[in-house]
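# Examining the three-dimensional arrangement
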Amino acid sequence: MKQKSYKFFSKYTIFIIVVSCVLNGMIWIVFHGIPIVGIPKVEEVESITIYYNDVQQQEIVEKEKIELLIKASNLLNYKFLGKIKEEEQPIICMTYHLKNGNDVMIKANNTTVWRNEKLYEIKQKDIFVNIVEGIFFDIEKE
């Protein structure tokens, strides 16, 4: 009789855990958005080149600033089934130069992020562009 209660407990416990995980993931995506996949880790990055409106450019090689930019890039969560205006142009273009010789490019403006030639609507608008502008570029707002 102990074996039957163990099987019953195990079967329904696993079901409840799986359903809880799926619901938790869905709720997290609704509130926070879907994270951009492919942002490199700090240890993998040799340098980062940032372009602002294709006019100003900075090459970042300091470890602390690279870490700051990667953390800022992790704010680029996008909306599931978001609406995108294709006529908009990117304001910030970041190219991660990796130690293995590859490059990873992410472009963004206040409402859209470009990754692997795909457009996504940003969940938290303006935050990423404001952080990069404020820390790395001397931009006066009108």
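The structure contained in this document is the topic of the report that follows. (Residues numbered from 1 in each chain as written. Predicted model: local features only at pLDDT ≥ 70, side-chain atom pairs only at ≥ 80, totals over all residues. Heavy atoms only, no water.)

### Observations concerning the overall build of the protein
When helices and strands are tallied, the protein shows three helices and six strands. Each helix and strand of the protein, ordered N terminal to C terminal, gives the series α-β-β-α-β-β-β-β-α. Residue burial in the protein is summarised as follows: out of 142 residues, 32% are buried. Carbon and sulfur atoms make up 57% of the accessible area of the protein, which amounts to about 10100 Å² in all. (Helix = DSSP H or I, 4+ residues; strand = E, 2+ residues; numbered from the N terminus. Buried < 20%, exposed > 50% of the residue type's maximum accessible area, 1.4 Å probe, protein only. Areas by Shrake-Rupley, 256 points an atom, 1.4 Å probe, with all protein chains shown as cover.)

### Quick notes on the sheet that holds strand E6 (residues 118–121)
If you trace the six strands from one edge of the open sheet to the other, you get E2-E1-E3-E4-E5-E6, paired in antiparallel fashion. Two strands close off the open sheet at either side, each with one partner strand: strand E2 (56–60) and E6. The average undirected angle you get between the axes of adjacent strands in this sheet is 20 degrees. As paired strands, strand E1 (residues 45–52) and strand E3 (residues 92–98) are joined by seven bridges and run antiparallel to one another. Its bridge partner lying in E3, Ile50 is registered against Met94. Packed on one face of the sheet, helix H3 (residues 127–136) meets E1, E2, E3 and strand E4 (103–108) and runs near 75 degrees to E3. (Pairing = 2+ DSSP bridges. Axes fitted to C-alpha atoms, helices over the stretch in contact; angles between N-to-C directions. Contact = heavy atoms within 4.5 Å.)

### Some words on the pattern of salt bridges
Counting across every chain of the model gives three salt bridges. With a shortest N-O distance of 3.0 Å, Lys125 and Glu121 are connected by a salt bridge. For Glu121, a relative accessible area of 13% corresponds to the buried category. A single salt-bridge network, built from bridges that share partners, covers Lys79, Glu121 and Lys125. (Salt bridge = Lys/Arg side-chain N within 4 Å of Asp/Glu carboxyl O.)

### Here's the deal with the nonpolar core
One finds Ile48, Ile50, Ile92, Tyr96 and Phe128 to be the most contacted residues of the largest nonpolar core, which totals 31 residues. Residues contacting Ile50, with those up to four places away along its chain left out, are Gln56, Gln57, Gln58, Ile60, Leu69, Ile92, Cys93, Met94, Val132, Phe136 and Phe137. (Core = buried A, V, L, I, M, F, W, Y, C linked by side-chain atoms within 4.5 Å.)

### Focus: the side chain of Thr112
Following the sequence through the fold, Thr112 ends up in strand E5 (residues 112–115). Residue contacts for Thr112: discarding those within four places in its chain leaves Ile84, Glu88, Lys107, Leu119, Tyr120 and Ile122.

### Here's the deal with the pairing of E6
Bridge count between E5 and E6: four bridges; the pairing is antiparallel. Paired with Thr112 across the strands is Glu121, a residue of E6. Taken together, E5 and the strand that follows it, E6, pair antiparallel across an intervening segment of two residues, in which Asn116 is found at a positive phi of about 55 degrees.

### Examining the packing of helix H2 (residues 63–73) against H3
With their axes 9 Å apart at the nearest point, H2 and H3 run at an angle of 160 degrees to one another. Our classification of the angle between H2 and H3 gives roughly antiparallel. The handedness of the crossing between H2 and H3 is right-handed. Residues Lys65, Leu68, Leu69, Ala72 and Ser73 of H2 lie in contact with H3, whose contacting residues are Phe128, Ile131, Val132, Ile135 and Phe136. In the contact of H2 with H3, the residues fall into eight nonpolar, one polar and one charged. (Parallel < 35°, antiparallel > 145°, perpendicular 65-115°, else oblique. Left-handed = near helix turned anticlockwise from the far one by under 90°. Nonpolar A, V, L, I, M, F, W, Y, C, P; charged D, E, K, R; others polar.)

### What to know about the pairing of E1
Most of E1 sits inside the fold, with six of its eight residues counted as buried. Of the strand pairs in this sheet, E1 and E2 are connected by five bridges, and their pairing is antiparallel. The residue bridging Tyr52 from the neighbouring strand is Gln56, located in E2. Here E1 folds back onto E2 in antiparallel fashion, the turn holding three residues, of which Asn53 has a positive phi close to 55 degrees.

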